[in-house]
Amino acid sequence: MAVVTLDKLSKQYGPTGPVVVDKVDLHIGDGEFMVLLGPSGCGKSTTLRMIAGLEEISSGKLSIGDRVVNQVPAKDRDIAMVFQSYALYPHMSVADNLAFGLRRRNFAAAEIERRVQDAANILGLTPLLTRKPSALSGGQRQRVALGRAMVREPMVFLFDEPLSNLDAALRVNTRSEIIKQHKRLGSTMIYVTHDQVEAMTMGTRICVMNAGRVAQIGAPLDVYWEPADTFVARFLGSPPMNLATAAVVAVDDSHVARSPSVETALTRWSPQVLGNLADQKVTIGVRAEDLHINKAALGGEPAGHVRGRTIAVEPLGAETLLLVEIESGVEWTARLPRHVPVAIDETVDLYFPANAVFVFDAMTGRAIIGEKRRDIRQ
Amino acid sequence: MAAMLAERAPLPRFFSRGALALVLGLYTIYTLGPFLWLATMSVRTTAEISADHYAWPKVFHWEQFRIAWVDSDFATYFWNSTIVVVGAVAVVTLLGAAAAHALARYRFRGNRLVYGILFSSIIFPPQITLISLYQILVDYNLYNSLLGLTLVYVSLQLPLTVYLLEGFFARIPQDLFDAAKIDGYGDLEIFRRIVLPIGMPAIATTLILNFIQLWNEFLFAVVLITDPDKRTLPVGIRAFMGDHFQDIGMIATGVMISVIPVIIVYIFFSEKLIRGMTAGAIK
């Protein structure tokens, strides 16, 4: 078990090459399950590989436990890693795959046997121990890969998109298996994924990365409900958060954000903040689940509203997605109850509670922090 | 194109199978026929062969093998060939595999340059290098020595070996190496415990090819060895062909003796050879 600290960790390929990881600061607590989340090419895998010792660190400091491990080779970092491709040794049986790392570390034969049996029992691999990886299904291979990390009893587990090659049902199973093992072992785990569902369900905290930098670090729901910028706002959430440019206008003694298609009261910000924003352009955001087609559903709250032309109705069974073009090139998506009485190419009004509105700086995209939403956080 | 033909499928299945069997049968007779003829000649005397070239042996003169082995110097030739070829194949396999692994796996300046130079040597016909190799061996006192011939054989077979193995090794996923690194293994151990076992089918392929090629090699052996005691098998067999008289029966016997190791090596490695040629799926 260990604390992992990244201090301005950077990766640059060659002295003039691209910077793929840019001064990442991250403190991962003992026993924490940290998810590195981001789109492909955001540097999350490179960051993980630097922690693993598979990629050289260009600059910055990496500590595992209480020692700096920049120059420590992968094998001496006391970590174990689970790969997306499983990376099982194809010429060895499952048992040998599990024992391979232990043999190198000169464990007694009896101890190796015990650990392999334990891991096999926990993961349901006992009947498969003599098989070669080629004779296993994808899910079984992933469990062997997980077992190979577990038998080592390392300080830190690293996962590099371990579920990407599994089909949807197995993915859910293996996800809960990993969560279960995290609870059982209490080890520090660092998990790379581009799948926000995995990030939301597994992580103690999420570190969202974008273009080699940390965009936001926080507990899953905090990141979801208080995104630091428009990138995080759109990356977390499916469908992504709806955004539109609007001007802040003073009306009587309050402020509203207004554009040709959107108008909403701004209730979560202090008069002082709003005063600074008055007559400026901002980006406002509303999550798809906060949009309603029926004003009455809001129970008389001060409401915002958006008007647009329907371009698609996507019934998903339990709910229906309604795509609306509010300005040319700007589409909003509403997540509505099953039955939506709207036809394509029809003008429609959607309503949202004023406290569901997010405001971002129109230039930088950074969130303008307001009072927390009372309806979701108590 | 192939898909179009398959779609039409004009022939009943048994008929196309039969045609395939016929072609294979004819091809087998075509290739195996001369070998069988040689085998029959190896147990007939030259006089019998002169009388009727294609006759089935009336008496099996097995003693011809003894005569070739004991009375002429076949045992020596066989031993010389074994030393040179086994030595050269062993070195080529190990060196070639190591070089192929390095070229396939490590990024270093000049990687592709080394690879290009090595591979470009394949295009030259061996006659071109013969004279310069002769001179080099003379300069280093390696002319007319088994060691010299072994070194030449190593250099002859190394490029193709590296080429074949590099292609195979490059397809081994990087994740396996990363996993082994994290499991605590160093570069040399990864080579021995991961690359060699996984690359075994490809290594077996090059091993058989190199063995057959070198076991039958004549040109360099006849030029670089003059001492009769140091002759290899192909050169030794040639010695039965005098200027005026050719002992066909003995030559056939000698060839049969020399073929045996090739067959043994092939049987031993052929399963892996076939896997090596059909491989590609490392998962």
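No experiment lies behind these values; they were computed from the predicted model shown.

Draft legend 1. View of the overall build of chain A. Across its full length, chain A carries nine helices and 19 strands. Relative to all contacts within chain A whose residues are 6 or more apart in sequence, the contacts with residues 24 or more apart total 65%.

Draft legend 2. Representation of the overall build of chain B. Along its length, chain B carries 14 helices and zero strands. From first element to last, N terminus to C terminus, chain B shows the α and β order α-α-α-α-α-α-α-α-α-α-α-α-α-α. Here the C-alpha atoms of chain B give a radius of gyration of 24 Å, more than 25% beyond the 19 Å that 2.2 N^0.38 yields for 283 residues. Its C-alpha atoms give chain B principal-axis dimensions of roughly 70 × 70 × 35 Å. With 283 residues in all, chain B has 32% of them scored as buried.

Draft legend 3. The confidence of the model for chain B, seen in detail. Residue and element names in this part refer to chain B. Per-residue pLDDT for chain B averages 86, and the proportion of residues at 70 or more is 90%. Confidence, expressed as mean pLDDT per element, reaches its minimum in chain B at helix α1 (residues 2-8) with 49 and its maximum at helix α5 (residues 74-105) with 94. Low pLDDT, under 50, characterises residues 1-6; the predicted model gives this stretch zero contacts beyond four residues in sequence or across chains. Contacts of residues 279-283 to residues separated by more than four positions or lying in other chains number nine contacts, the stretch itself having pLDDT below 50. Confidence estimates for the predicted assembly give a pTM of 0.81 and an ipTM of 0.83.

Draft legend 4. Fine view of the sheet that holds strand β10 (residues 213-218) of chain A. Residue and element names in this part refer to chain A. Strand order in this open sheet of six strands is β6-β7-β8-β3-β9-β10, and the pairing throughout is mixed. The sheet is open, and its two borders are formed by β6 (79-82) and β10, each paired with just one other strand. The average undirected angle you get between the axes of adjacent strands in this sheet is 20 degrees. In this structure, strand β3 (residues 33-37) lies alongside strand β8 (residues 188-193), joined through five bridges in parallel fashion. Looking across to β8, one finds that Leu36 is bridged to Val192. Set on the sheet, helix α4 (residues 138-151) makes contact with β6 and β7 (156-160); between it and β6 the angle comes to about 180 degrees.

Draft legend 5. Layout of the pairing of β6(A). All names here are of chain A. Burial along β6 is two-sided: Ile79 and Met81 and Ala80 and Val82, pointing in opposite directions, are all buried. Direction of pairing for β6 relative to β7: parallel, over a ladder of four bridges. By the bridge assignment, Ile79 is partnered in β7 with Val156.

Draft legend 6. Main features of the interface of chain A and chain B. Contacts between the two partners involve 18 residues from chain A, matched on the other side by 15 residues from chain B. Those elements that provide at least two residues to the side of chain A that touches chain B are β6 and α2 (94-104) of chain A. When its residues are assigned to classes, the side of chain A that touches chain B shows eleven nonpolar, four polar and three charged.

Draft legend 7. Spatial organisation of the sheet that holds strand β2 (residues 19-28) of chain A. All names here are of chain A. The strand order across the open sheet built from four strands is β2-β1-β4-β5, with neighbouring strands paired in antiparallel fashion. With one partner strand each, in any of the chains shown, β2 and β5 (67-68) form the two edges of the open sheet. Examined bridge by bridge, strand β4 (residues 59-64) and β5 share two bridges and lie antiparallel to one another. Paired with Ser63 across the two strands is Val68, which belongs to β5. Packing of helix α1 (residues 44-52) onto the sheet brings it into contact with β1 (4-12), β2 and β4, and relative to β1 it is tilted by some 115 degrees.

Draft legend 8. Examining the packing of α5(B) against helix α11 (residues 200-215) of chain B more closely. Residue and element names in this part refer to chain B. At a minimum axis separation of 10 Å, α5 and α11 run at an interaxial angle of 145 degrees. α5 and α11 meet at a crossing whose hand is right-handed. On the side of α5, the interface is formed by Ser81, Val85, Ala88, Val89, Val92, Thr93, Gly96 and Ala97, while α11 contributes Ile203, Thr206, Leu207, Asn210, Phe211, Leu214 and Trp215.

Draft legend 9. Structural context of the domain arrangement of chain B. All names here are of chain B. With domains assigned, chain B is organised as domain 1 (20-61) and domain 2 (72-282). Look at where the C-alpha atoms of domain 1 and domain 2 centre, and you get two points 31 Å apart. Every contact between the two is made by eight residues of domain 1 and, on the other side, seven residues of domain 2. Those elements that place two or more of their residues in the side of domain 1 that touches domain 2 are α2 (13-42) and α3 (46-51). Of the residues contributing to the side of domain 1 that touches domain 2, the split by class is four nonpolar, three polar and one charged.

Draft legend 10. Expanded view of the packing of α2(A) against α4(A). Residue and element names in this part refer to chain A. Contact geometry for α2 and α4: axes closest at 8 Å, N-to-C directions at 30 degrees. Between α2 and α4, the interaxial angle falls into the category roughly parallel. For the element pair α2 and α4, the recorded crossing hand is right-handed. Of α4, the residues touching α2 (which contributes Val94, Asn97, Leu98, Gly101 and Leu102) are Val144, Gly147, Arg148 and Val151. Class assignment of the residues belonging to the contact of α2 with α4 gives a composition of five nonpolar, three polar and one charged.

Rules behind the numbers
Residues numbered from 1 in each chain as written. Chains lettered and ligands numbered in written order. Predicted model: local features only at pLDDT ≥ 70, side-chain atom pairs only at ≥ 80, totals over all residues. Helix = DSSP H or I, 4+ residues; strand = E, 2+ residues; numbered from the N terminus. Contact = placed C-beta atoms within 7 Å. Rg over C-alpha atoms; globule rule 2.2 N^0.38 Å. Buried ≥ 20, exposed ≤ 12 C-beta atoms within 10 Å, placed from the backbone. pLDDT = per-residue confidence, 0-100. Pairing = 2+ DSSP bridges. Axes fitted to C-alpha atoms, helices over the stretch in contact; angles between N-to-C directions. Nonpolar A, V, L, I, M, F, W, Y, C, P; charged D, E, K, R; others polar. Left-handed = near helix turned anticlockwise from the far one by under 90°. Domains from an automatic or database assignment. Parallel < 35°, antiparallel > 145°, perpendicular 65-115°, else oblique.

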